[in-house]
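Below, each chain spelled out in residue letters.
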Amino acid sequence: PPPGHPAKAANNRDQILATNVSVLSMAMEPEVMADPDRRAHAVWQSALMRTSSRPVDMIFSIMGLFDVELDPAAFHKDDRRGATLALAREILRAGGRATWLGLAASCRLPLDRSCPSFPVFPQTSKAGLALVQIEASRVQEVSEFIDPIYPVAEQLVPLPTGSMDHTGCLTVSVKSMPVTQTRSDIPASRVLRALDGSSWQI
């Protein structure tokens, strides 16, 4: 059917619903439920693709899964960013991990400029589309960028604990060791290789 035809719109809605159900069912699998980090990662992915006429509802609907509570009266119905940051702060304050960091590695979306520990926040609508603007004239459905894989090789696992301020600045606590850049001809058993191909020695 041509663009705008009711049958085409119905097919798109069915496809989106199928993707959302697939991610949600993955989050409910016994092996995922048994691993708190995998479960949390799947919940964040599912919330990223959900849609509502009230953007904050995407956050209020998952806060109980992290055993934290937010005051719905404290947020405007369109303040998804504020509610997301508040949820992240409460998760960390309760001793949880920054599991949303897995989204940056697994969903291939650009990072949000005002809150770079999260991917860009989707535009949502009552019609059931979670959209993201990739370029000035290009908008795409969020589910096109989702890779339901965990853990992701390029991310830090386990994900860190830490704290977040009201602006979204994340401070993490992780184990570390000093390294120095070194020659590439040193045996691989004594060298750490970075993603950009550079060589580092402990």
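Each remark here, short or long, concerns the structure printed above.
Treat the numbers as computed from the prediction; the structure is a model and nothing was measured.

**Points about the pattern of salt bridges**
- One pass over the full model with this rule turns up five salt bridges.
- For R97, the salt bridge goes to D37, with nearest N and O atoms at 3.9 Å. One end of the pair, R97, is in the loop between α5 (80-93) and α6 (101-106); the other, D37, is in helix α3 (residues 36-49), with 60 residues separating them in the sequence.
- On the basis of relative accessibility, which here comes to 14%, the residue D37 falls in the buried class.
- Of the charged contacts in the structure, one is a salt bridge between D112 and R81, with a shortest N-O distance of 2.6 Å. A residue pair is termed long-range when its members are at least 10 positions apart, and D112 in strand β1 (residues 111-112) and R81 in helix α5 qualify at 31 residues.
- For D112, a relative accessible area of 6% gives the class buried.

Parameters at a glance
Residues numbered from 1 in each chain as written. Predicted model: local features only at pLDDT ≥ 70, side-chain atom pairs only at ≥ 80, totals over all residues. Heavy atoms only, no water. Salt bridge = Lys/Arg side-chain N within 4 Å of Asp/Glu carboxyl O. Helix = DSSP H or I, 4+ residues; strand = E, 2+ residues; numbered from the N terminus. Buried < 20%, exposed > 50% of the residue type's maximum accessible area, 1.4 Å probe, protein only.

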